[in-house]
Amino acid sequence: MDERQQSGRPLAASGRDARVIAMVVLALLGAWISFHLTRYHLAGSGHGGSGVFHTVCEMTGGGCDQILKSTWSTLPRQIPTAFAG
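Below or above, wherever it landed, is the structure these notes cover.

What counts, and at which threshold
- Residues numbered from 1 in each chain as written.
- Predicted model: local features only at pLDDT ≥ 70, side-chain atom pairs only at ≥ 80, totals over all residues.
- Heavy atoms only, no water.
- Helix = DSSP H or I, 4+ residues; strand = E, 2+ residues; numbered from the N terminus.
- Contact = heavy atoms within 4.5 Å.
- Buried < 20%, exposed > 50% of the residue type's maximum accessible area, 1.4 Å probe, protein only.
- Patch = residues over 30% accessible without salt bridge, like charges linked within 9 Å, V, L, I, M, F, W, Y side chains within 5 Å.
- Areas by Shrake-Rupley, 256 points an atom, 1.4 Å probe, with all protein chains shown as cover.
- Salt bridge = Lys/Arg side-chain N within 4 Å of Asp/Glu carboxyl O.

**Notes on the overall build of the chain**
Helix and strand counts for the chain stand at 5 helices and 2 strands. Overall, the chain shows an N-to-C arrangement of helices and strands of α-α-α-α-β-β-α. A separation of at least 24 residues holds for 33% of the contacts in the chain among residues at least 6 apart in sequence.

Structural data, given as structure tokens:
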């Protein structure tokens, strides 16, 4: 019999572990983005977000102000859509 089978412990699934780590990292990145977008929205007119969002909004040409004023920017009771992220 193989020694690993005798120990009674399952083998470590390194591929699965890497996927779990990648999912956790992506979830944390998504939470960070959602947090900063919510701050950006609540500050009004884009004055409260990080420099990354100011740069992206200026790059697009339309500006984030138009997006913040759209009907799709909030959920019912004026909750920012980014908060749902």
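Having seen it, we continue.
**Considering the environment of G30**
Tracing the backbone through its elements, the reader meets G30 in helix α2 (residues 14–43). For G30, a relative accessible area of 32% puts it in the partly exposed group. Taking the C-alpha atoms as reference, G30 lies 7.3 Å from G85; in sequence the two are 55 residues apart.

**Let's talk about unusual backbone geometry**
The phi torsion at R77 lies on the positive side, around 65°, for a residue other than glycine. Tracing the backbone through its elements, the reader meets R77 in the loop between β1 (74–75) and β2 (79–80). R77 sits in the exposed class, given a relative accessible area of 81%. Unusually for a residue other than glycine, Q78 sits at a positive phi of about 60°. Mapped onto the fold, Q78 is located in the loop between β1 and β2. When its relative accessible area of 61% is taken as the criterion, Q78 is described as exposed.

**Points about the side chain of S34**
One can find S34 in helix α2. With relative accessibility at 11%, the residue S34 sits in the buried group. In this view, S34 contacts A82, F83 and G85; residues no more than four positions away in its chain are not counted.

**Let's talk about a nonpolar patch on the surface**
A cluster of nonpolar side chains, contributed by L26, L29, W32, I33 and L37, occupies part of the molecular surface with about 450 Å² of accessible area. Along the polypeptide, L29 turns up in helix α2. The partly exposed category is assigned to L29, whose relative accessible area is 43%.

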